[in-house]
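Inside the fold
Here is what each chain is made of, one letter per residue.
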Amino acid sequence: MNVSTKDMTLTVGEAAERVGLTTYTLRWYEQEGLVAPVGRDAVGRRRYTAGDVNWLLLLTRLRRTGMPVRDMRHYVELARQGDRTLGARRALLEAHRVRVLSRMAELEEDLSVLNHKIDAYRRAEEEN
């Protein structure tokens, strides 16, 4: 697929910056099949569309929230099959949400312990 120059597109570096990845990681996402083949300009350089960037933003959020790459691949496979997989995609995301909420609860507990220790040190410093 060639992207015409009149379309608003980004280079691999610009797209990587926009989604918060390195160019290496962005290319890895493509090699792993997480991103559909990206359009190329007349000399063969990758050109990312707004749709490509939005897809990458979703993938980076899934990864940042701890979704395993194998689950991301499964989600991508389902998405490529179209609307008949809406329920399966929703179920996959709901299961991931449960894991994210559980991890958030763990982090809240950990933060509480840190805050307790910080307060204890602050009080000890004030007493000295």
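To keep things clear, this report deals only with the structure shown in the data block. What you are looking at is a predicted structure, and each value in this text was computed from that prediction instead of being measured. (Residues numbered from 1 in each chain as written. Predicted model: local features only at pLDDT ≥ 70, side-chain atom pairs only at ≥ 80, totals over all residues. Heavy atoms only, no water.)

**Quick word on the side chain of E30**
If you trace the backbone, E30 turns up in helix α2 (residues 23–31). Look at E30 and you get buried, because its relative accessible area is 15%. Beyond its immediate sequence surroundings of up to four residues, E30 is in contact with V35, P37, V38, R40, R46 and Y48. (Helix = DSSP H or I, 4+ residues; strand = E, 2+ residues; numbered from the N terminus. Buried < 20%, exposed > 50% of the residue type's maximum accessible area, 1.4 Å probe, protein only. Contact = heavy atoms within 4.5 Å.)

**Some words on the pattern of salt bridges**
Considering all chains together, one arrives at seven salt bridges under this definition. Residue R45 pairs with D41 through a salt bridge whose shortest N-O separation is 3.0 Å. Judged by its relative accessible area of 54%, R45 is exposed. The salt bridge involving R122 is made with D119; its shortest N-O contact spans 3.6 Å. Of this pair, R122 and D119 both sit in helix α5 (residues 86–127), three residues apart, roughly one helical turn. (Salt bridge = Lys/Arg side-chain N within 4 Å of Asp/Glu carboxyl O.)

**Some thoughts on helix α4 (residues 69–80)**
For α4, with twelve residues, the first-to-last C-alpha span of 16 Å sits near the 16 Å given by 1.5 Å per residue. Turning to α4, its buried residues number three or more, namely V69, D71, M72, Y75, V76 and L78. Here the buried face of α4 lies against α2, α3 (50–64) and α5. Once α4 finishes, G82 follows within two positions and takes phi at roughly 90°, a positive value. (Expected span 1.5 Å × (residues − 1).)

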